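The lines below spell out each chain.
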Amino acid sequence: MARRRYWLFKSEPSTYSIDDLAREPGGRAMWDGIRNYQVRNLLRDEVRVGDGVLFHHSGIAEPAVVGTARVVRAAYPDPTQFDPRHPGYDSRSSPDAPRWLAVDIALVETFSRPVTLAAMRAEPRLAGLAVLRRGNRLSVTPVPADAWRLIVRLGRG
DNA sequence: GCCAACGTTGGC
DNA sequence: GCCAACGTTGGC
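Residues numbered from 1 in each chain as written. Chains lettered and ligands numbered in written order. Predicted model: local features only at pLDDT ≥ 70, side-chain atom pairs only at ≥ 80, totals over all residues. Heavy atoms only, no water.

Q: For the protein's contact with DNA strand C, give the residues involved together with the corresponding values.
A: Around DNA strand C sit Lys10, His56, Ser58, Gly59, Pro63, Leu117, Arg121 and Arg137, and those are all the residues in its vicinity. Glycine 59 is positioned such that a nitrogen or oxygen atom in its backbone is 3.1 Å from a phosphate oxygen of DNA strand C. Between DNA strand C and arginine 137, the relevant distance is 3.2 Å, taken from a phosphate oxygen to a main-chain nitrogen or oxygen of the residue. Residue composition of the surface near DNA strand C, grouped by class: two nonpolar, three polar and three charged. (Near = heavy atom within 4 Å. Polar contact = N/O pair within 3.5 Å; in protein donor to acceptor, adjacent residues only side chain to side chain. Nonpolar A, V, L, I, M, F, W, Y, C, P; charged D, E, K, R; others polar.)

Q: For the pattern of salt bridges, give the residues involved together with the corresponding values.
A: Proximity of charged atoms lets side chains of opposite charge pair with each other. Counted under the stated rule, the structure contains nine salt bridges. A salt bridge links arginine 92 to aspartate 90, with the shortest nitrogen-to-oxygen separation between them at 3.1 Å. Among the residues examined, aspartate 90 registers a relative accessible area of 6% and is labelled buried. Measuring nitrogen to oxygen at the nearest pair gives 2.9 Å for the salt bridge that ties glutamate 109 to arginine 156. Of this pair, glutamate 109 sits in strand β5 (residues 101–116) while arginine 156 is found in helix α4 (residues 145–156), placing the two residues 47 residues apart along the sequence. Exposure remark for arginine 156: the relative accessible area of 51% places this residue in the exposed category. (Salt bridge = Lys/Arg side-chain N within 4 Å of Asp/Glu carboxyl O. Buried < 20%, exposed > 50% of the residue type's maximum accessible area, 1.4 Å probe, protein only. Helix = DSSP H or I, 4+ residues; strand = E, 2+ residues; numbered from the N terminus.)

Q: Just give me the short version of the side chain of serine 58, but keep the residues and values in it.
A: Positionally, serine 58 belongs in the loop between β3 (52–57) and β4 (64–77). The residues touching serine 58, leaving out its near neighbours within four places in the chain, are Lys10, Ser11, Glu12, Pro13 and Pro63. (Contact = heavy atoms within 4.5 Å.)

Q: Kindly report on helix α2 (residues 37–45), identifying the contributing residues and their values.
A: When α2 is considered as a whole, its buried residues turn out to be Val39, Arg40, Leu42 and Leu43. The arc that holds the buried residues of α2, viewed along the axis, is 160°, so those residues lie on one side. Summarising the contacts, the buried residues of α2 are in contact with β1 (6–11), β4, β5 and β6 (140–142). For α2, the N-terminal cap is asparagine 36; the gap from its side-chain oxygen to the backbone nitrogen of glutamine 38 is 2.9 Å. (Arc of directions from axis to C-beta.)

Q: Which residues make up the pairing of β5, and what are the values?
A: In terms of strand pairing, strand β2 (residues 28–31) meets β5 through four bridges, oriented antiparallel. The partner of arginine 28 across the bridge, within β5, is alanine 106. As judged from the 10 bridges shared by β4 and β5, these two strands associate in the antiparallel manner. By the bridge assignment for β5, proline 77 is matched with leucine 101. (Pairing = 2+ DSSP bridges.)

Q: Which residues make up the sheet that holds β3, and what values do they have?
A: Overall, mixed pairing links the six strands, which are arranged β2-β5-β4-β3-β1-β6 in an open sheet. Looking at strand neighbours, the two that pair on one side only are β2 and β6, the edges of this open sheet. The average undirected angle you get between the axes of adjacent strands in this sheet is 35°. Each of β1, β4, β5 and β6 touches α2; the most contacted strand, β5, lies at about 100° to it. (Axes fitted to C-alpha atoms, helices over the stretch in contact; angles between N-to-C directions.)

Next up, the structure:
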């Protein structure tokens, strides 16, 4: 069995926050809306049930990892791509040939102390973390196991 | 609000 | 298939 891996999932809290996730039944939700091929391929090829997720808030004054979740369902076609009324609708996609994938995640914990981007940048042991790379725009990025452990420890305060 | 980075689109 | 223009993301 493959070792559990770790990822950082970005979301703008005005669109979907960790509090929104906490309000879902069982803290469980579909992670939909991915419309980037690199991220789609990650979901398809690498993200597995049981993997750890750092839940990261972006697009705000103090971007930060605010908690953790777990992958509870592996990649499947994102239903929002088929819905013409949905902003993520893709007319070039069809149920026969879906382009975009979603996974399901479930909340594990909300940090007592969010770990800000600035704090992560200041931590030499996190040098090279994908989310800290200049110009990084991918909404799902890999997190090495030691970086995961450090960020969780910082987040618990 | 600015701007760097990067993906996508479309003319050729 | 190249590449300029454009749109989006997201930190600052």
